[in-house]
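Notes for the structure review
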Amino acid sequence: MKKRPGVPQSRFRMTPQRAEILRLLEGNTSHPSAEEIYRGVHRKFPRISFATVYNTLQSLFRKGELLEIRIDPKRSRFDPSTAPHAHLMCVKCGTIADVRRPAKLKPLGKPAGFKVLSCNVEFYGVCPACAGKAAPKEAAKCQKRTRK
Ligand code: ZN
Ligand code: MN
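Presented here is an overview of the structure given in this document. (Residues numbered from 1 in each chain as written. Chains lettered and ligands numbered in written order. Predicted model: local features only at pLDDT ≥ 70, side-chain atom pairs only at ≥ 80, totals over all residues. Heavy atoms only, no water.)

Some details on the overall build of the protein
Formally: Comment: elements are numbered from the N terminus, with helices defined as DSSP H or I runs of at least four residues and strands as E runs of at least two. Burial status follows relative accessibility: with a 1.4 Å probe on protein chains alone, a residue under 20% of its type maximum counts as buried, one over 50% as exposed, and anything between as partly exposed. Throughout, the Shrake-Rupley method with a 1.4 Å probe supplies accessible areas, and for residues the shown protein chains are the sole cover considered.
Within the protein one finds five helices and five strands. What you see in the protein, going N to C, is helices and strands ordered as α-α-α-β-β-β-β-β-α-α. Burial analysis of the protein (148 residues in total) assigns 32% to the buried set. Put simply, the protein shows about 10800 Å² of open surface, and 55% of that area lies on carbon and sulfur atoms.

Structure representation (structure tokens):
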């Protein structure tokens, strides 16, 4: 996703707390949750509330400064890398890795009159650290869930 142009910069006040959130996210490839980001900011600003951190993440998202990733069914995860890429999540530990994807993906046919605006690619798997511990049943759970 490209940065959305035309959003007035003046509406976003740069407070030390916001700067710290941006600093924590800069180059961060771990796709942290809002709770993890809150714990990081809280170390430097013990009086900051979770709501402030969460609202800041939402306004950064609206500005196109970060992505909100929905691959983890338990919680939103955040990504400062807004270039087109896909994600691969470990179903055991929740680690999310970046993976490359074709720049343009098209559906194979679509309902008449529909215009496609965006596309989200999510992969699920087991990371190398968990592969040793993973019972074969666990790894297959994800695919079997819909057949129950
Ligand atoms: Zn794992
Ligand atoms: Mn990513």
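Section: the pattern of salt bridges
Rule in force here: By convention in these notes, a salt bridge is any Lys or Arg side-chain nitrogen within 4 Å of a carboxyl oxygen on Asp or Glu.
Summed over the entire model, instances satisfying the criterion amount to six salt bridges. In this structure, the salt-bridge partner of Lys 63 is Glu 65, at a minimum N-O distance of 3.9 Å. The partner of Glu 68 in a salt bridge is Arg 70, and the shortest N-O contact between them spans 3.6 Å. A relative accessible area of 14% places Glu 68 in the buried class.

Details of the coordination of the manganese ion (ligand 2)
Which entries qualify depends on this criterion: Counted as donors are N, O and S atoms no farther than 2.8 Å from the metal, or 3.2 Å for Na, K and Ca; water is not among the atoms, and sites may therefore look incomplete.
At the metal site, the manganese ion (ligand 2) is ligated by His 31 (NE2), Asp 79 (OD), His 85 (NE2), His 87 (NE2) and Asp 98 (OD), and these contacts range over 1.9 to 2.3 Å. Spacing between the donor residues of the manganese ion (ligand 2) along their common chain follows H-x47-D-x5-H-x1-H-x10-D. Placement of the pair is Asp 79 in strand E2 (residues 77-79) and Asp 98 in strand E4 (residues 96-99), with a sequence separation of 19 residues. With a relative accessible area of 35%, Asp 98 lands in the partly exposed category.

That is the geometry; function is a separate question.
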